[in-house]
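For reference, the chains in residue letters:
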Amino acid sequence: MPENIPILVGAVLTVLVLLGYLLGENNFLFRLATYIFIGVATGYVFVLVFYQVITPRLIRPLLSGSFEQIVLTLPPLVLSVMLVFKIFPNLSRLGNLSMAYLVGAGAAVAIGGAVLGTLITQARASINLFDLSAGGGISRLLDGVFILVGTLSTLLYFSFSAKAQRNAAPQRPVPVRAAAGVGQIFIAITLGSLFAGVFTASLTALIERLGFLLNLVRTMVF
Amino acid sequence: MADILCPMCGKPNPAEAEICWSCQARLKPLQAQQPPDDSVPDWLRDMRAGQEPEEDAPAAEEAAGDADIPDWLARIRQRGQEEGGEPQGQDAESASDMPDWMKDLRAEGQEPAGQSSGDLPAWMKDEAADSSWLNGLREEGPSAPAAPAEGGAENDWLSSLSDWGGDAAPAETPGEPSNAPQAEASQEWGSDLSDWSAAPQQPGQPEAAGSEDWLSALGGGEQEEPPATGAQVFSWDELPEAGHTPGAAMTGQLPDWLGQMANSEAAAGSNPFLGDGEETTPAGEEQQETPAGFGPFSTPPFSDEAPVPELPASDDTPDWLKAFAADLPGGEEPVAGPFPAEDLPEPGEQPQEQPAVMPYENVELPDWLDKAPPAEEKPEQPPALEGGEDLAMAQLPGWLAAMRPVESVVPQNALPAEEDDRVEKSGPLAGLVGALPGESLATRVSKPAAYSARLQVSDRQHQHAALIEEMLGDEARPQAPRGERSHIPERIVRVVIALVLIAALLLPLASNLRSMPLPNLFQPDTVAFQRIVEGLPASAPVLLAVEYEPGLSGEMQLAAAPVVNQLTVRSARLALVSTNPSGPVLAENLLGAAGVRESLLYTNLGFLPGGTAGLQEFASRPRVAMQYGLDGELAWSTEALTGVEEINQFGAVIVLTENAETARAWIEQVQPRLGDVPLLMVVSAQAAPMVQPYIDSGQVQGMVSGMSGGAMYAQITSQGGAWLDYWDAYQFGIFAAIAFILLGGVVQIFSLLFRRPARRKA
């Protein structure tokens, strides 16, 4: 019986979420299920962070670590303590240094990764499609052209600069407008694919929950 | 002679000194030494002249003391005293001046009470005589001792007359000067006369048999009303014929005997109320000689309780008066006559004011006081306010005006000339000339300059203001609330779609028909994924990053289960890590759902904090970044991670995520450090389109996306599992979604075709 308790809890929450969302996002059942999930997740995250982050990375080095570990632990400790002051409006300035460190380090890591891992690699990949020596033939070249047109047209679609005209509304040049139209098609296809992916993912999650409830019912009934 | 004290410094000076030896102040005023000034007006000269013969005044008044009282009036007074039971003081000196009938009448009366004038010094007698007429006016009660002066003051007869006419005889207070003005009393003798004539007409008193018609006319022949009690003040206007002087009015109605007496007295120019031998002072002189400060006074009101005076009998008394006296309560003999011929005023002559005598006027003053200038002893008093409109305004003489210190200091042109002539007509300063012109100054204040409060606004500014006002008015104007669209149809549609979709999903799940064909076309990414896993060496360490959220764990487990099963087949050693706090638990759940937890060698590194920075740290130094496992033990010393020092020592890195951003973070931060280690992605269907470019770029070597990708992977690897139970439902759901999308599109097209044109706003 104790093994079935998580199953029953999951079943109840699933029913609450499903029925509650059908009646609306702001109804009591849906909010109740949301609060339960948030509360459970918060408690779980606190315990996880305490045992996974604070204890092995802060407490343990300070208590049983070497001098080098202790010294290396002091800067993050000080920054962490200063970050706590952000919750107090009068003392929030003390946490600015910690926030500056976090934002600076995060931005540097994200920008570096985006440039090196996305921009350059994606640009190079698009360029490589036109490398006839790489093989692939015409189809590869068409893929490259298709990707190029789609990329340029999508970028031109978001170009809203136009030349001012007398006695007329400002309009973009005709080539730009034509390319923007093509880019609008690519954007529509992309959004359609994203929507399909989102719908498919949600549908799969719904199917899994309905199968879970159906299996629970079968288990309890039969 | 005594020394003179200096009025300035108080030092004594000889009597003959004119200048103080100490302060050089003048001891004797220069005014006394000034020669007669021609600029002195006549009235001032007369006033000075009237003050000179003051030494003779007591003698004259003494002589006129008893003679002023007419006989008939004395009898009336005596009778009043007898009936009131009050002794009336009579001094022997005044009694000697009485007529015979008066003496007889007095002899029948009581002994006089009070002090006799014979016991007083000469100046006191005069004072008593002078003040008797005032004492008569101050009689306050029957019990008060009366000390009338028989000296002949003409007002005694008025007092007696008032006593006779009133019920309560006012007591006389000897020696008490009267504050009542004398002039008014002189003018009201006619009032007393009217009252006297009204007295016989009281009810209960028989009318005199011998009364003449004129008395009837005076009485009005009306006996129905008793005499009024209390104060009775008469004026000339109440006499029978208005506009006539009382003398003229009465002369025509007087009886013969009275008319003869009046005519004889008028020819002699004497006061009709004076005794024989007395001369009447001209009216003008008497008014001028009236001392200042003694204004007109009113006769005290007659009292109904005053005793009726006893009229003495006399041979000269007419018959009608005798009969009247016989009818009186205590009278023995009729009174000879109410109006002696000498007491009647002349026809057409106004009653004259008797000269008032200042109290202590005849007292012998010390020498130094006698030599004082008369002007200082009796300063001028403002004229009487009552009736002051008829009096001529006093004007200062030139020599007196020159002595005014104000004019010597203040320039003549300080104030306009017209303000100097202004006479105050009201208030305590009424009658004064040249008073402070407060009212004039108030009216002289000019009106403040009127500044226009209107703004100087141009037409353009007016237009702008109107525009702003219009805009504000539109904002403030309440607008009709728009009809809120009902949410009921939307909810109904949503519930219907949900119910239809749930029914479409439950039907294949419950029936377990598996009617839908399994996927036979496989995506290249999925195939590449399978080949990479298939190509892993046995017991190769594989880093499995569980980065999905619990909400999509159902999808992710369906997509990742075939991969985990194949890894188990390949006896891979798994290292579980997650940058998501819920990742470690979901990773355990994933292994449990796949049924490989016991058979698979793995180490759960747990939660990797720091996001992208943590990923970079983990990619750089995995042992430092994730030193301990989820169980708290050193992770890198476990069997699963044996021989792994760097991240590129793993056989493959598989990322399970439903978020494209998380996939991109792994690609950007970790993939560059992997080298030849393949990076594989098991992503949700919603993140697959975003990860696809990285597959094309070669950064991600394989990808399994969603349930369909898992089904493909299972098909490739010939695996079964839960996905087979859900495949039909998945396909039904996809078809249902397509049907809803198409149905919605058709409804939208029809709604556009049959949409009513929008009504134009009025």
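Calculation rules
Residues numbered from 1 in each chain as written. Chains lettered and ligands numbered in written order. Predicted model: local features only at pLDDT ≥ 70, side-chain atom pairs only at ≥ 80, totals over all residues. Heavy atoms only, no water. Helix = DSSP H or I, 4+ residues; strand = E, 2+ residues; numbered from the N terminus. Areas by Shrake-Rupley, 256 points an atom, 1.4 Å probe, with all protein chains shown as cover. Buried < 20%, exposed > 50% of the residue type's maximum accessible area, 1.4 Å probe, protein only. Contact = heavy atoms within 4.5 Å. Arc of directions from axis to C-beta. Pairing = 2+ DSSP bridges. Axes fitted to C-alpha atoms, helices over the stretch in contact; angles between N-to-C directions. Core = buried A, V, L, I, M, F, W, Y, C linked by side-chain atoms within 4.5 Å. Buried area = accessible area lost by both parts, 1.4 Å probe. Salt bridge = Lys/Arg side-chain N within 4 Å of Asp/Glu carboxyl O. Nonpolar A, V, L, I, M, F, W, Y, C, P; charged D, E, K, R; others polar. Parallel < 35°, antiparallel > 145°, perpendicular 65-115°, else oblique. Left-handed = near helix turned anticlockwise from the far one by under 90°. Right-handed = clockwise from strand over helix to strand, strands pointing away. Phe/Tyr/Trp six-rings, centres within 6.5 Å; stacked < 30°, edge-to-face > 60°. pLDDT = per-residue confidence, 0-100. Patch = residues over 30% accessible without salt bridge, like charges linked within 9 Å, V, L, I, M, F, W, Y side chains within 5 Å.

### Observations concerning the overall build of chain B
The number of helices and strands found in chain B is 32 helices and 8 strands. As presented, chain B carries roughly 40,500 Å² of accessible surface, and 55% of it is formed by carbon and sulfur atoms.

### A few points about the overall build of chain A
Check the secondary structure of chain A and you find 6 helices and 2 strands. Helices and strands in chain A line up, N terminus first, as α-α-α-α-α-β-β-α. The proportion of buried residues among the 222 residues of chain A is 26%. Restricting to contacts in chain A with at least 6 residues of sequence separation, those with at least 24 account for 29%. Of the roughly 14,800 Å² of accessible surface on chain A, a fraction of 74% belongs to carbon and sulfur atoms.

### Quick word on helix H26 (residues 611–620) of chain B
Listed as buried for H26 of chain B are Gly 614, Leu 615, Phe 618 and Ala 619 of chain B. One face of H26 of chain B carries all of its buried residues, which in axial projection span an arc of 135°.

### Considering the sheet that holds strand S3 (residues 541–546) of chain B
All names here are of chain B. Strand order in the open sheet made by the 6 strands is S5-S4-S3-S6-S7-S8, with parallel pairing throughout. Whereas interior strands pair on both sides, the edge strands pair on one side only; in this sheet they are strand S5 (601–607) and strand S8 (702–705). With direction set aside, neighbouring strand axes in the sheet form an average angle of 15°. Sheet topology note: the strand S6 (residues 652–657)/strand S7 (residues 679–683) ladder contains 5 bridges and is parallel.

### What about the nonpolar core?
Residues and elements named next belong to chain B. Counting residues in each nonpolar core, the largest one holds 37 residues, and the members touching the most others are Leu 543, Leu 605, Phe 618, Trp 636, Trp 666 and Met 681. No other element matches the 5 residues that helix H28 (residues 660–669) contributes to this core. Among all residues touching Met 681, those that are not within four sequence positions of it are Phe 529, Val 655, Ala 663, Trp 666, Ile 667, Val 691, Val 700, Gly 702, Met 703 and Val 704. Core analysis: the next-biggest nonpolar cluster, separate from the first, contains 30 residues, Ala 559, Leu 576, Leu 586 and Val 596 among them.

### Quick look at the interface of chain A and chain B
Facing 43 residues of chain A, the contacting portion of chain B comprises 53 residues. The junction of chain A with chain B conceals about 3,800 Å² of combined surface from both sides, 68% of it contributed by carbon and sulfur atoms. Contact with chain B buries surface across chain A, with Leu 22, Gln 52 and Ile 207 of chain A losing the most and accounting together for 16% of the total. Here chain A is connected to chain B by 0 salt bridges. Breaking the side of chain A that touches chain B down by element, the ones donating at least two residues are helix H1 (5–23), helix H2 (28–64), helix H4 (96–128) and helix H6 (174–221) of chain A. Among the elements that make up the side of chain A that touches chain B, the one with the highest residue count is H6 of chain A (20 residues). A per-class count over the side of chain A that touches chain B returns 25 nonpolar, 14 polar and 4 charged.

### Regarding the packing of helix H24 (residues 553–569) of chain B against helix H25 (residues 583–594) of chain B
Residues and elements named next belong to chain B. Interhelical geometry of H24 versus H25 gives an angle of 60° and a closest axis separation of 9 Å. When the interaxial angle is binned, H24 and H25 end up oblique. The two elements H24 and H25 meet at a crossing, and its hand is right-handed. Judged by residue contacts, Ser 553, Gln 557, Ala 560, Val 564 and Asn 565 of H24 engage Leu 586, Asn 589, Leu 590, Leu 591, Ala 593 and Ala 594 from H25. The residue makeup of the contact of H24 with H25, split by class, is 7 nonpolar, 4 polar and no charged.

### Notes on the pairing of S7 of chain B
Residue and element names in this part refer to chain B. Burial analysis of S7 places 5 of its 5 residues in the buried class, the great majority of the element. Neither face of S7 is open: one carries Leu 679, Met 681 and Val 683, the other Leu 680 and Val 682, and all of them are buried. In this structure, S7 lies alongside S8, joined through 4 bridges in parallel fashion. Following the sheet pairing, Val 683 is matched in S8 by Ser 705. Crossover handedness for the path S7 to helix H30 (residues 688–696) to S8: right-handed.

### Here's the deal with the pattern of salt bridges
Close approach of charged atoms allows side chains with opposite charge to pair. Residue and element names in this part refer to chain B. Applying the stated rule across the entire model yields 5 salt bridges over all chains. Residue Glu 661 pairs with Arg 664 through a salt bridge whose shortest N-O separation is 2.6 Å. A residue pair is termed a helical-turn pair when its members lie 3 or 4 positions apart in one helix, as Glu 661 and Arg 664 do in helix H28 at 3 residues. Here the residues in one salt-bridge network are Glu 661, Arg 664 and Glu 668, joined through shared partners.

### Overview of the packing of aromatic side chains
This structure, assessed with the given rule, holds 9 aromatic pairs over all chains. Note on Phe 46 of chain A and Phe 50 of chain A: the rings are 6.4 Å apart at their centroids and 20° apart in plane angle, and the pair reads as stacked. Note that Phe 46 of chain A and Phe 50 of chain A are positioned in helix H2 at a spacing of 4 residues, about one turn of the helix. Note on Phe 46 of chain A: relative accessible area 59%, which makes it exposed. On the basis of relative accessibility, which here comes to 30%, the residue Phe 50 of chain A falls in the partly exposed class. For the ring pair Phe 529 of chain B and Tyr 713 of chain B, a centre distance of 5.6 Å and an interplane angle of 85° mean the geometry is edge-to-face. Placement of the pair is Phe 529 of chain B in helix H23 (residues 524–534) and Tyr 713 of chain B in helix H31 (residues 706–717), with a sequence separation of 184 residues. One exposure class covers both Phe 529 of chain B and Tyr 713 of chain B, and it is buried.

### Some thoughts on the packing of H31 of chain B against helix H32 (residues 722–753) of chain B
Two numbers describe a pair of packed helices, the interaxial angle and the distance between the axes. Residue and element names in this part refer to chain B. Contact geometry for H31 and H32: axes closest at 11 Å, N-to-C directions at 135°. On the basis of their axis angle, the class for H31 and H32 is oblique. Seen from above, H31 lies across H32 with left-handed handedness. Contacts from Met 707, Ser 708, Ala 711, Ala 714 and Gln 715 of H31 reach H32 at Trp 723, Tyr 726, Trp 727 and Tyr 730. Here the contact of H31 with H32 is built from residues that sort into 7 nonpolar, 2 polar and no charged.

### A word on the confidence of the model for chain B
All names here are of chain B. Confidence in the prediction of chain B, expressed as mean pLDDT, is 67, and 48% of residues score 70 or more. The low-confidence segment residues 52–65 (pLDDT under 50) makes 18 contacts with residues lying over four places distant or belonging to another chain. A low-confidence stretch, residues 109–119 (pLDDT under 50), is modelled with 22 contacts involving residues beyond four sequence positions or located in other chains.

### Some points on a nonpolar patch on the surface
All names here are of chain A. Side chains of Phe 130, Val 145, Leu 148, Val 149, Leu 152, Leu 155 and Val 182 sit close together on the surface and give an oily, nonpolar patch of about 540 Å² of accessible area. Broken down by element, the residue count for the nonpolar patch peaks at 5 residues, all from helix H5 (residues 137–157). Positionally, Val 149 belongs in helix H5. Val 149 gets classed as partly exposed once you look at its relative accessible area, which sits at 37%.

### Remarks on unusual backbone geometry
Residue and element names in this part refer to chain B. Even without a glycine there, the phi angle at Gln 24 is positive, about 65°. Here Gln 24 lies in the loop between strand S2 (12–13) and helix H1 (42–51). Phi angles above zero are rare outside glycine, and Ser 571 is one such case at about 55°. Mapped onto the elements, Ser 571 comes out in the loop between H24 and strand S4 (573–578).

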